[in-house]
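Summary of the model geometry
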Amino acid sequence: MKLRRLWNSIWPPLVAVILLLAVWQAATSIFQIEKWILPSPSDIVREATGGAAGLWKHTMATLRLMLVGFAIGTGTGLLVAFSLHYIPSLKSSLYPLIILSQNIPTIALAPLLMIWFGFGILPKIIVITLVCFFPVAVAAMDGLTRTDRVMLDYMRMAGASKGQIFRKLEVPHALPSILSGVKIAATYSVMGAVIAEWIGADKGIGYYMMLQKSSFRTDKIFVAITIIVTISLAMFALIALLEKWLVRYKPLKDDK
Amino acid sequence: MMNTEKSASVSGTDIAALEIQGISLAFRKRRQQLPVLNDISLTVPAGKFVSIIGPSGCGKSTLFHVIGGLLEPDQGVVRMGGREVTGQRGLISYVPQKPALFPWRNTLDNVLLAREISGDANEAARAEAREWLVRAGLGGFEKSYPHMLSGGMQQRASFLRGLLAPQEVICLDEPFSSLDELTRSDMQRWLLDLWETSRRSVLLITHSVEEALLLSDTIYLFSGRPASVLHRADVPFARPRRESVIEEPGFLELKREISARMKEEQSKKPI
Ligand SMILES: Nc1ncnc2c1ncn2[C@@H]1O[C@H](COP(=O)(O)OP(=O)(O)OP(=O)(O)O)[C@@H](O)[C@H]1O
Ligand SMILES: [Mg+2]
C-alpha cells in the first residue's frame, strides 16, 4: 500500500527527467553541438565513471566543509534564537537587525572574509555558518513566539518553572518551525560550501569546477554539478526524514 | 429551601480549601480602564463542589487567572487552607475551557503532565494514570496522540490531567461548552460519578443552570461585567446524587428560579 503510493508519486517526475535526458542526448547529436559547449548525457556519464577516483577526494573535502559549517551555523542559530527569546531587551534591539541583515547576500562577504582570515578552512566555515544561521535563527524565534496561549497559561498556573516551560512546551511547540528552517539551511550549506571554494581553495568540488572552467572541460563541470545536486538532495531528504521521525504527531497547522 | 443571601457567609467551623475575599480587578488599556471583577468573595469548603454561573464575558475566566496567580488583583486576597496565597502559582489544578492537550505528547504523557511539573511522575503515578484512563473509557488510547481522539475523549483526558494533579483544589473553566448536547450529558454523568468517588474540592464555571444544579453543593450567580456576586444558592439534593434528580419537582423549581434571575441580569446588559 505505502510503497505503491510512494511509487505513484515518484514515477511521473522520473519519466519527465528521463524524457529530458533523451531530448538532450538527441539534440546534441542531431545539431552536432560541440562537446565544450554542451556535452551529451552519455559524455557526462563516461567522464564521471572515468574520472571518479580523482573526484572522490574533492567530494569528501566539500562534504566535510559543508557538514562542519552546517552544524556550527545551525547550532549558533538555535543558541541565538533561544537567548533572544529569554532576554526581551536583547530581542527588541537585535531582532530587527537580524531580519534586516537577511537582505545582505552573505556570499558577497566571502572575499572580505578571505582577506581577513586567509585561505584556510576558517573563512569558508564562517561563510557557511552565516548562510545557515539566518534561516534557523529566524524560524526558531518565530516558532517560539507563536507558543499557544492556553497551553502557556496552563503551564504557568500549574506552577511550571521557566526551564520546564521551555523544555516541555516552547521547544516542542516550535519544533516544526525550527525544522523547516534547518531544511533551508541544509540546502544553503551546500551552496555556501561550493561558493566558498570558488573564491579560494586548493581542494573541493568548487575548486575542481574552477580548474575545469579554465580548460573549458564542460563535461567535467557537469559531473561536478551532478554531484552538488546529489549532495543537496541527500541533505534535504535526511532532514525531511528527521522531521518525519521527530514530528510523528500531527502538526498543529493541519488541524484547520 | 433556597439560600439567597446577598453575600457569601463563611462557615466558621472548618477551614475552606479555597477562599477569595473582596477581589477587584480592572484591565488597563492605554488611558482606559476596563473594570472586570468587582469585590468578589466566595468560598469552596474542603471536599465540596461549587459552581459559578454568569453571563458571557463577565470575567469568570479572569477570576480563575487571579486564583491561579496569573493576574494580580487590584484588591482582595486569595486564601487556601487559611493561608494567604494571592499571586502564587502552582497551587490549583486547572482545567482550561479548551482541552489544550499537548499535540506532541501521547494521552498517557499528557495526563501525567501536572505530575511531571511537580516532579513526581514516577512508576506509581504512571500506573495510577493507566488505571484512570481505563476508567475514563480511554483504555487502549494511552499511546494515541490527541488528534486521534474525539472531542469528548480529549475533554476527558484534559479532566484526568487535572484530576491527577497533586493540588487539592480543581478549577474547571466551562469544560463542556465545546461539546454537543449528547456528549455533554454523558460527560456530566461521568464527572458526577467521578466526583462522588474522589470528593476533591471543585470550583466549576458553567453556562448551564441544569449542569450547576446537578453537580454542585453551592452555586454563585455572577452579574454582567464588571462581575460581582449577585446570589449564592445552596443546592439541597442529597449525595450521592444520581442523574435522575433532574426530573424531581424540587430540581425543576430551583432551575426555574435561577434561570429567571439570570434572564433578568442578562436583560440589563446594554446592547
Ligand atoms: N488580558 C486582557 N486584557 C484586556 N482585557 C481582557 C483581558 N482578558 C480578558 N479581558 C476582558 O475582560 C472581560 C472578561 O473576560 P473573561 O474571559 O474573564 O470573560 P468570561 O466570563 O470568562 O467569558 P466567557 O463566558 O465568554 O468565557 C472581557 O470583556 C475581555 O474582553
Ligand atoms: Mg471564559
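Everything below is about the structure printed above this text.
Please read these numbers as outputs of a predicted model, since none were measured by experiment. (Residues numbered from 1 in each chain as written. Chains lettered and ligands numbered in written order. Predicted model: local features only at pLDDT ≥ 70, side-chain atom pairs only at ≥ 80, totals over all residues. Heavy atoms only, no water.)

If you roll a probe as big as a water molecule over the atoms, it shows you where there is empty space left. Residue and element names in this part refer to chain B. Summed over all chains, the structure comprises three cavities of 30 Å³ or more. One number sums up the size of the largest cavity: a volume of about 110 Å³. Taken together, 14 residues form the lining of the largest cavity, with F159, L163, I170, L191 and L194 sitting closest to its centre. Of all the secondary-structure elements, those providing two or more residues to the lining of the largest cavity are α5 (151–163), β7 (169–173) and α6 (181–198). Broken down by element, the residue count for the lining of the largest cavity peaks at five residues, all from α6. Grouping the amino acids of the lining of the largest cavity by side-chain chemistry returns 12 nonpolar, one polar and one charged. For the lining of the largest cavity, the domains that each give at least three residues are domain 1 (2–91 + 170–266) and domain 2 (101–166). (1 Å grid on protein atoms, 1.4 Å probe; cavity = no way out; pocket = protein on both sides within 12 Å on 5 of 7 lines; lining within 4 Å. Points joined across faces, edges and corners; volume = space filled by probe spheres on them. Helix = DSSP H or I, 4+ residues; strand = E, 2+ residues; numbered from the N terminus. Nonpolar A, V, L, I, M, F, W, Y, C, P; charged D, E, K, R; others polar. Domains from an automatic or database assignment.)

All right, on to the pattern of salt bridges then. Within this structure, the stated rule accounts for 26 salt bridges over all chains. For E116 of chain B, the salt bridge goes to R105 of chain B, with nearest N and O atoms at 2.8 Å. Here E116 of chain B, found in helix α3 (residues 113–118), pairs with R105 of chain B, found in the loop between β6 (92–95) and α2 (107–111); they are 11 residues apart in sequence, far enough to count as distant. Using a relative accessible area of 22% as the deciding quantity, one classes E116 of chain B as partly exposed. For R242 of chain B, the salt bridge goes to D193 of chain B, with nearest N and O atoms at 3.2 Å. With R242 of chain B in the loop between β10 (229–234) and α8 (249–267) and D193 of chain B in helix α6, this pair connects stretches of sequence that are 49 residues apart. Residue classification places R242 of chain B among the partly exposed residues on the basis of a relative accessible area of 46%. Judged by its relative accessible area of 38%, D193 of chain B falls in the partly exposed class. Salt bridges sharing partners connect three or more residues here, namely K35, E47, R217, D219 and K220 of chain A. (Salt bridge = Lys/Arg side-chain N within 4 Å of Asp/Glu carboxyl O. Buried < 20%, exposed > 50% of the residue type's maximum accessible area, 1.4 Å probe, protein only.)

What follows concerns the layout of surface pockets. Residues and elements named next belong to chain A. By volume, the second largest pocket amounts to about 420 Å³. For the second largest pocket, the lining is made up of 16 residues, of which L21, W24, F222, T226 and V229 are closest to its centre. Among the elements of the structure, α1 (2–30), α2 (41–50) and α10 (218–246) are those that each provide at least two residues to the lining of the second largest pocket. Among the elements that take part in the lining of the second largest pocket, α10 stands out by supplying eight residues, more than any other.

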